[in-house]
Amino acid sequence: IERTIETATKQYPLLLGDGAVRALPCLLQALSCPPGTKMLIITDDVVAPLYLDEVRATLAAAGYDVYAYIIPNGEAAKSFDNYYACQTAALQCGLDRRSLIVALGGGVVGDLAGFVAATYMRGIRYIQMPTTLLAHDSAVGGKVAINHPLGKNMIGAFHQPEAVVYDTAFLRTLPERELRSGFAEVIKHALIRDRRFYDWLRAEIKTLADLQGGKLAYCIEKGIDIKASVVREDEKETGVRAHLNFGHTLGHALESELGYGVLTHGEAVAVGMLFAILVSERLYGRSFAEHRFAEWFAAYGFPVSLPDGLAPHRLLEKMKGDKKAYAGTVRMVLLREIGDVEVVELEDDKMLAWLWEFAGQGG
Ligand code: NAD
Ligand code: ZN
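For clarity, every value in this text was computed on a predicted model and none was experimentally measured. (Residues numbered from 1 in each chain as written. Chains lettered and ligands numbered in written order. Predicted model: local features only at pLDDT ≥ 70, side-chain atom pairs only at ≥ 80, totals over all residues. Heavy atoms only, no water.)

A.B. asks: Residue-level account of the coordination of the zinc ion (ligand 2), with values.
C.D. replies: Looking at the metal site, the zinc ion (ligand 2) is ligated by Glu185 (OE), His248 (NE2) and His265 (NE2), spaced 1.9 to 2.1 Å from it. Under the relative-accessibility criterion, glutamate 185 is labelled buried at 3%. Residue class for histidine 248 comes out buried when judged on its relative accessible area of 5%. (Donors = N, O, S within 2.8 Å, 3.2 Å for Na, K, Ca; no water. Buried < 20%, exposed > 50% of the residue type's maximum accessible area, 1.4 Å probe, protein only.)

The following block contains the structure:
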């Protein structure tokens, strides 16, 4: 499957399917990367033993001068230290402005390697090679970043890749918890934009075990199409792109407050989406009760309440530091209807009351 991702600043191809990695040489030629071009593959220590050799060999056979740098796996690796270490590796390998970085891994590798590419010598080209379900989201759209202990994705850039090569064969080794994590973003895409896809998910994906074969492929395709259409409309998040943050205001606060990697990104977003739904119900004076969202999420194994020991006022402080907030006011993406969201400014006292209410719903 091939798609063209279009943004205001750039168009690039996305190749999706089993064995997509074999199309790399052809694709690189089309991108006018002559043999001899230096390429630095950035990957993590789980993905490297699984897929680095294959990708390296494919690139080397096409005549490229290939290097690799391996970071530890996990959310905590999206750090300034690893960013700096990657820059050091790029300099030591002698990458120049015509060189390419290849991000081989999940969203952590993609965000970090993309930010390295965005800033090395003021910006060089890079390719996204996603290896997780979650990366159907993170590999598309050009947002790249690292975390700061004080806040998630706080240091970053917009830097679109030259191409996305998504070999779905790589997903076969993905652990169940990571499949679940990525599925949260699939649910998000349905809830913000696509009532029919949402109905399909409710009918066809009863548990994580249903997430394989053609159904998994369909989720990936739909997710990519929704993400791509939002990014086409608004590359730099001056408008509708903020809708993709549904569930992320509390989600990001949870990730940094608990410590990166305690919850997966998708677990945090799932809890965040349930909170956003509660706030939507209170603010719009309506009920989504018939959807039984918490039960639905629980059937996949998502946490459905605030983890113990988190103080609502601390979460509120984190949410006020979110990138959507300005002048110290929390802004959240709320659900008016399935497929219809809106960004709303919310006062502190209301936020705090709803956080307490949400905390009270836990077991
Ligand atoms: P991740 O990159 O940490 O991958 C999850 C785990 O799976 C890691 O331990 C990794 O080593 C392992 N793994 C990866 N591929 C594997 C495979 N094929 N087989 C076995 N194990 C594999 O995390 P993620 O969930 O892919 O990405 C989460 C990150 O993405 C978060 O930091 C989030 O903020 C970011 N994100 C960014 C955007 C964006 O627009 N840039 C969008 C959504 C999420
Ligand atoms: Zn996300």
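A.B. asks: Which residues make up the domain arrangement of the protein, and what values do they have?
C.D. replies: Here the domain parsing of the protein yields domain 1 (2–173) and domain 2 (176–360). The C-alpha-based centres of domain 1 and domain 2 are spaced at 26 Å. Across the boundary between the two partners, domain 1 contributes 30 residues, which contact 35 residues of domain 2. Summed over both partners, the interface of domain 1 with domain 2 buries about 2,800 Å², with 64% contributed by carbon and sulfur atoms. The largest per-residue losses of area from domain 1 upon contact with domain 2 belong to Leu133, His136 and Lys152, which jointly make up 24% of the total buried on that side. Run the count over domain 1 and domain 2 and you get 6 salt bridges. (Domains from an automatic or database assignment. Contact = heavy atoms within 4.5 Å. Buried area = accessible area lost by both parts, 1.4 Å probe. Salt bridge = Lys/Arg side-chain N within 4 Å of Asp/Glu carboxyl O.)

A.B. asks: For the nonpolar core, give the residues involved together with the corresponding values.
C.D. replies: Counting residues in each nonpolar core, the largest one holds 73 residues, and the members touching the most others are Phe183, Leu250, Phe275 and Met332. Take this core: its biggest share by element is 11 residues, from helix H10 (residues 265–284). The two domains that each donate at least three residues to this core are domain 1 (2–173) and domain 2 (176–360). Beyond its immediate chain neighbours, meaning those up to four positions away, phenylalanine 275 contacts Leu250, Met319, Met332, Met351, Trp354, Leu355 and Phe358. Judged by nonpolar contacts, the second largest core, of 26 residues, contains Ala48, Leu100, Val102 and Ala163. (Core = buried A, V, L, I, M, F, W, Y, C linked by side-chain atoms within 4.5 Å. Helix = DSSP H or I, 4+ residues; strand = E, 2+ residues; numbered from the N terminus.)

A.B. asks: Let's hear about the pairing of strand E5 (residues 100–105): which residues, and what values?
C.D. replies: In regular strands, side chains alternate between the two faces of the sheet. Counted residue by residue, E5 has 6 buried out of 6 residues, so it is predominantly covered. Residues Leu100, Val102 and Leu104 point to one face of E5 and Ile101, Ala103 and Gly105 to the other, with burial holding for every one of them. Sheet analysis places strand E3 (residues 38–44) next to E5, joined by 5 bridges and oriented parallel. What sits directly across from isoleucine 42, in E5, is alanine 103. Sheet topology note: the E5/strand E6 (residues 125–130) ladder contains 6 bridges and is parallel. Looking at the pairing, glycine 105 lines up with proline 130 of E6. Once you follow E5 into helix H4 (residues 107–119) and on to E6, the crossover reads as right-handed. (Pairing = 2+ DSSP bridges. Right-handed = clockwise from strand over helix to strand, strands pointing away.)

A.B. asks: I'd love a proper account of the pattern of salt bridges, names of residues and values included.
C.D. replies: Inspection of every chain in the model, using the stated rule, returns 28 salt bridges. A salt bridge links glutamate 162 to lysine 10; the shortest N-O distance between them is 2.5 Å. Pair noted here: glutamate 162 is in the loop between strand E8 (151–158) and strand E9 (163–167) and lysine 10 is in the loop between strand E1 (2–6) and strand E2 (11–17), with a separation of 152 residues, a long-range link. Overall, the relative accessible area of 23% leaves lysine 10 in the partly exposed class. A single salt-bridge network, built from bridges that share partners, covers Glu75, Lys78, Asp111, Lys152 and Glu255.

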